[in-house]
Amino acid sequence: MIFPTNHHSAITSALALILALGAAGCSDSASPLPEPEPERVAETYLRLSVRANDITEPVPIDTTYFGGVSGDNELIQTMRFIVVDGDGRIEHNVYVSQPAAVEAATDAYRVKPNDTKTVYLFGNEAALPDDYRTTLRDLMAGENFTEATGALDWTLTRESDKPMFPDGSLIPMTEFHTIEIGDPKYDMTDPDEPQPIPYESTLFVTRVATKFAVQLTLDESCFLNTDSKVELSPVVVSSIADSEYLIPRATTYSPAKSPADGTNRIITSYEVPSTASVADYTFQLTQTDDKGREFKSPIVYLTETRYGSGPTPYSVSITVDGVELSAPLPNLPSLPRNTFVIINITVYNNNLEVTLQPYTGVWLKPDFGIERD
C-alpha cells in the first residue's frame with residue numbers, strides 16, 4: 001500500500017495497456033464479372049492487462065522504501081476496466097475475476113481511433129458498498145459516464161474506532177488515466193497481410209486505505225520500582241479521518257502521473273472530503289515475548305487523512321502504570337492512501353521514544369499488490 005517532503009507514498013499498482021489495431025477482411029464474389037476489392041477498413045482495438053508496484057513507508061530520512069504485501073487480501077483478485085471516450089460515453093465495461101495472481105488481463109476490444117480515452121480502474125470491488133458495486137456492474141456501453149455515476153463523487157466511511165477494512169478483508173484499489181489514441185498503425189513487411197502495431201501504455205492503481213502496525217518495547221527502567229507486570233493501556237493515534245474518496249481526488253504524484261510508465265510514485269498532494277472529521281483510533285496490543293516487554297498490534301487498515309499543516313500533526317499516546325505518555329509521530333506530515341505506517345514505541349523512565357520504521361533499504365518484492373514469480 002503508496003503515499004510530500006520526507007514522507008513518501010508509492011503507488012501501489014502498475015497497469016500495462018495494449019492497444020492493438022486490426023483490419024476487416026475482404027470477401028470473395030461469385031459473380032462472373034470481376035468486382036473491385038472492398039476497401040480495407042482500419043479498426044482500433046484495446047487490450048488491457050494489470051500489474052502492481054510497491055508501497056513506501058514514511059522514514060526519518062529522504063529515502064524511499066518499498067515493502068511487500070501482508071496477504072492475499074492486498075493482491076489484485078478482481079479488476080474492472082471502464083473505457084470512456086472523448087465524448088464521455090462508455091465504450092467498454094470489462095470485469096476480470098481470478099485468484100490472487102501475477103496479473104489480470106482482458107481480451108481485445110474495439111474502440112474509436114483518434115480519440116482521448118479515460119480508463120477507470122476498480123480492483124477488488126467486492127470490498128465496496130453494495131450500491132457502488134451495483135452501479136459499476138450495470139454501466140452499459142453508450143451511456144454517459146458522468147451522468148450514470150454522479151461524476152464518481154463517491155466516498156467511503158469508517159465507523160468510530162473501527163478499521164476502514166477488517167484485517168484479512170479485500171482492499172479495494174482505484175485510479176483513472178487519460179490516454180491518447182491516434183491513427184491505426186501497421187507493420188507492412190507483408191503488404192498483403194499488414195500486422196497491427198499496438199499502442200502501449202503502462203498504468204497504475206492505488207489501494208483505498210492506509211495501513212498501520214504498532215510495535216512497543218518496555219525498557220528495563222520500567223521494571224525498577226515494581227516486581228509485577230507493568231500495566232499498559234492500548235495505544236492511541238490521534239486525528240484519523242472517518243471518510244475518504246473512493247477515487248483519488250486532485251492527487252499529484254512524483255514522478256508525474258502521466259506518462260504512466262510503471263515507475264513507483266509517491267503522492268505529493270491530495271484532497272479529502274470536506275465533510276470528513278477526525279478522531280483518535282485505539283490499537284490493541286498483544287504480548288509477544290515471555291518477559292512482558294514486547295508487544296505489537298495487528299495490522300489495521302484506516303482511511304486516507306489530511307489534518308493540520310505542521311510537520312507533526314499526528315501523535316501517539318499510551319498509559320503506563322497510570323501515567324499517560326504521549327509523543328508526536330515523526331516524519332508524518334500527511335497520511336495519503338496506500339501508506340504503511342509502522343510505529344515503533346520504546347517506553348523508558350516515563351518517556352516515549354517513537355520512530356517510523358521502514359522495512360529495509362532494499363527492494364523486497366517488485367510489487368506491492370501483485371506477486372511475481
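Reading guide: rules and limits
- Here, residues in each chain are numbered from 1, in the same order as that chain's written sequence.
- Given that the model is predicted, a residue must reach a pLDDT of at least 70 before its local features are reported, and side-chain atom pairs must reach 80 or more before they are shown or counted; all residues, however, enter totals for whole chains, interfaces and linings.
- To get the side-chain values, take all heavy atoms of the structure and skip hydrogens and water.
- The helix count covers DSSP runs of H or I at least four residues long, the strand count covers runs of E at least two residues long, and both are numbered beginning at the N terminus.
- With a 1.4 Å probe rolled over the protein chains alone, any residue whose accessible area is under 20% of its type maximum counts as buried; one over 50% counts as exposed, and the rest are partly exposed.
- When checking whether two residues touch, look at their non-hydrogen atoms; a contact exists if any pair is within 4.5 Å.
- A pairing counts as a salt bridge when a side-chain nitrogen of Lys or Arg comes within 4 Å of a carboxyl oxygen of Asp or Glu.
- The distinction between a cavity and a pocket rests on a 1 Å grid over the protein atoms alone: a 1.4 Å probe fits inside a cavity but cannot get out, while a pocket stays open yet meets protein on both sides within 12 Å along at least five of seven lines, and a residue with an atom within 4 Å of a point counts as lining.
- Grid points are joined across faces, edges and corners, and a volume is the space filled by probe spheres set on the points.
- Polar here means any residue other than Ala, Val, Leu, Ile, Met, Phe, Trp, Tyr, Cys and Pro, which are nonpolar, and Asp, Glu, Lys and Arg, which are charged; Gly is therefore polar.
- Residues grouped as a nonpolar core are buried Ala, Val, Leu, Ile, Met, Phe, Trp, Tyr and Cys residues, joined through side-chain atoms within 4.5 Å.
- Two strands are said to pair when DSSP picks up at least two bridges between them.

## Notes on the overall build of the protein chain
- The helix and strand tally for the protein chain stands at two helices and 26 strands.
- Burial analysis of the protein chain (373 residues in total) assigns 46% to the buried set.

## Some details on the environment of P273
- Residue position: P273 is located in the loop between strand 18 (266-269) and strand 19 (278-283).
- Expressed as a C-alpha distance, the spacing of P273 and E244, which sit 29 residues apart in the sequence, is 6.1 Å.
- When residues no more than four places from it in sequence are discounted, the contact partners of P273 are T155, S243, E244 and Y245.

## Some words on the pattern of salt bridges
- In total, this model carries 13 salt bridges according to the counting rule given.
- Among the ionic pairs, E74 bridges to K211, the shortest N-O distance being 2.9 Å. Here E74 is found in the loop between strand 4 (66-67) and strand 5 (78-84), whereas its partner K211 is found in strand 14 (residues 210-218), with 137 residues between them in sequence. Across the pair, K211 and E74 agree in class, each one buried.
- Salt-bridge contacts for D130 lead to R133; the nearest nitrogen and oxygen are separated by 2.8 Å. One end of the pair, D130, and the other, R133, are both in helix 1 (residues 130-138), three residues apart, so they sit about a helical turn from each other.
- Residue D130 is classed as exposed on the basis of its relative accessible area of 54%.

## Looking at the layout of surface pockets
- For the largest pocket, the calculated volume is near 200 Å³.
- Looking at the largest pocket, it is lined by 12 residues, and the ones nearest its centre are S221, C222, N225, D321 and N350.
- Grouping the amino acids of the lining of the largest pocket by side-chain chemistry returns six nonpolar, five polar and one charged.

## Comments concerning the nonpolar core
- Membership of the largest hydrophobic core comes to 30 residues, with the highest contact counts inside it found for F212, F283, L329, I343, I345 and V347.
- Contributions of two or more residues to this core are made by strand 14, strand 15 (235-241), strand 19, strand 22 (300-302), strand 23 (315-320), strand 24 (323-328), strand 25 (340-348) and strand 26 (351-356).
- Ranked by size, the runner-up nonpolar core spans 21 residues in total, among them I82, F122, L139 and L156.

## A look at the pairing of strand 5
- Burial runs high along strand 5: seven of the seven residues are buried.
- With burial as the criterion, each face of strand 5 is covered, one bearing T78, R80, I82 and V84 and the other bearing M79, F81 and V83.
- The pairing of strand 5 with strand 6 (residues 90-97) spans seven bridges and is antiparallel. When the sheet's bridge partners are listed, T78 is paired in strand 6 with S97.
- If you look at the hairpin formed by strand 5 and strand 6, you'll find five residues sitting between the two strands, and G88 has a positive phi there, around 85 degrees.
- Strand direction decides the pairing type here: strand 5 and strand 8 (residues 115-123), joined by six bridges, are antiparallel. In the sheet register, M79 faces strand 8, and the bridge partner there is G123.

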